[in-house]
Amino acid sequence: MIEPKLIGDFKTAGPKTPQQRRTDGRAVVPGSDELRTVELFDCVPELNHRAEIVTGENSSLHFLRFARIALDPSVPGYTPVAMTLGDDEEALFYVNRGSVRLTAGNQIYDLGRGDVLYVGLGEEVRVESATEPCDVSEYRAVKCHTKYPVQLVRHSDIEGTKLAADLGSKRPMSKRTVFKLVDQNVQACRLLF
């Protein structure tokens, strides 16, 4: 397995609506010369804010949502991000950079880069960083019907096994099997990674 690497600096951007984050592009279908239109999204997070990237209104993804949370406690305006999942929503939080403290299911979890926390239907969640900048991806599924308990997957616990992510070479990224972090480690209703 290749050790996960940080690629690039910690970057954030100004506020954008989900509609401003979406554009259409053209891509070649793998294995053929056919061109197809694809949805593209600007995923650069907004500092000290939860930025919605993919929603039901700006994409064709009926059940999946995506947001980024970038926090820096050394910058004025820092405040932890709090949210409550809907009664039919589940979410997964993946730490891209830094370390983060997540509160869910009345428990506190300290996560590092590459760690994952699954949170089930209707749970209250609090995301905070006490000492360093952090970047967290939030993957959410809607119209779920089964509640599962909070589940923690530490990358260090599965590193070197077939359940860990293989991020491939530095650039270009030739192989990405990050989905295994969730699909084979977390019990969920509809969530896909």
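Quantities reported herein were computed from a predicted structural model and do not represent experimental measurements. (Residues numbered from 1 in each chain as written. Predicted model: local features only at pLDDT ≥ 70, side-chain atom pairs only at ≥ 80, totals over all residues. Heavy atoms only, no water.)

A. Quick peek at the overall build of the protein chain. Looking only at helices and strands, the protein chain features 3 helices and 12 strands. Within the protein chain, buried positions represent 40% of all 193 residues. Considering only contacts within the protein chain whose residues lie at least 6 apart along the sequence, 67% involve residues at least 24 apart. Summed over its atoms, the accessible surface of the protein chain is roughly 10,500 Å², and 49% of this surface lies on carbon and sulfur atoms. (Helix = DSSP H or I, 4+ residues; strand = E, 2+ residues; numbered from the N terminus. Buried < 20%, exposed > 50% of the residue type's maximum accessible area, 1.4 Å probe, protein only. Contact = heavy atoms within 4.5 Å. Areas by Shrake-Rupley, 256 points an atom, 1.4 Å probe, with all protein chains shown as cover.)

B. Representation of the sheet that holds strand E11 (residues 134-141) within the structure. Strands sit in the order E3-E4-E11-E6-E9-E12 across an open sheet of 6 strands; the sheet is antiparallel. Because the sheet does not close on itself, it has two edges, and the strands there are strand E3 (49-54) and strand E12 (151-153). Neighbour-to-neighbour, the strand axes of this sheet turn through a mean angle of 20°, independent of strand direction. When strand E9 (residues 116-119) meets E12, the two strands line up antiparallel, connected through 3 bridges. Considered in E12, the bridge of Tyr118 is made with Gln151. (Pairing = 2+ DSSP bridges. Axes fitted to C-alpha atoms, helices over the stretch in contact; angles between N-to-C directions.)

C. Region of interest: the nonpolar core. Residues Ile69, Phe93, Val100, Leu102 and Val127 are the most contacted members of the largest nonpolar core, which totals 19 residues. Of all the elements in the fold, those that place two or more residues in this core are strand E4 (64-71), strand E5 (81-84), strand E6 (90-97), strand E7 (100-104), strand E8 (107-111), E9, strand E10 (124-128) and E11. Look past the residues within four positions of Val100 in its chain and what remains in contact with it is Val95, Tyr109, Asp110, Leu111, Val127, Glu128, Cys134 and Val136. In terms of nonpolar packing, the next biggest core, distinct from the first, is built from 7 residues, Leu92, Tyr148, Val153 and Val186 among them. (Core = buried A, V, L, I, M, F, W, Y, C linked by side-chain atoms within 4.5 Å.)

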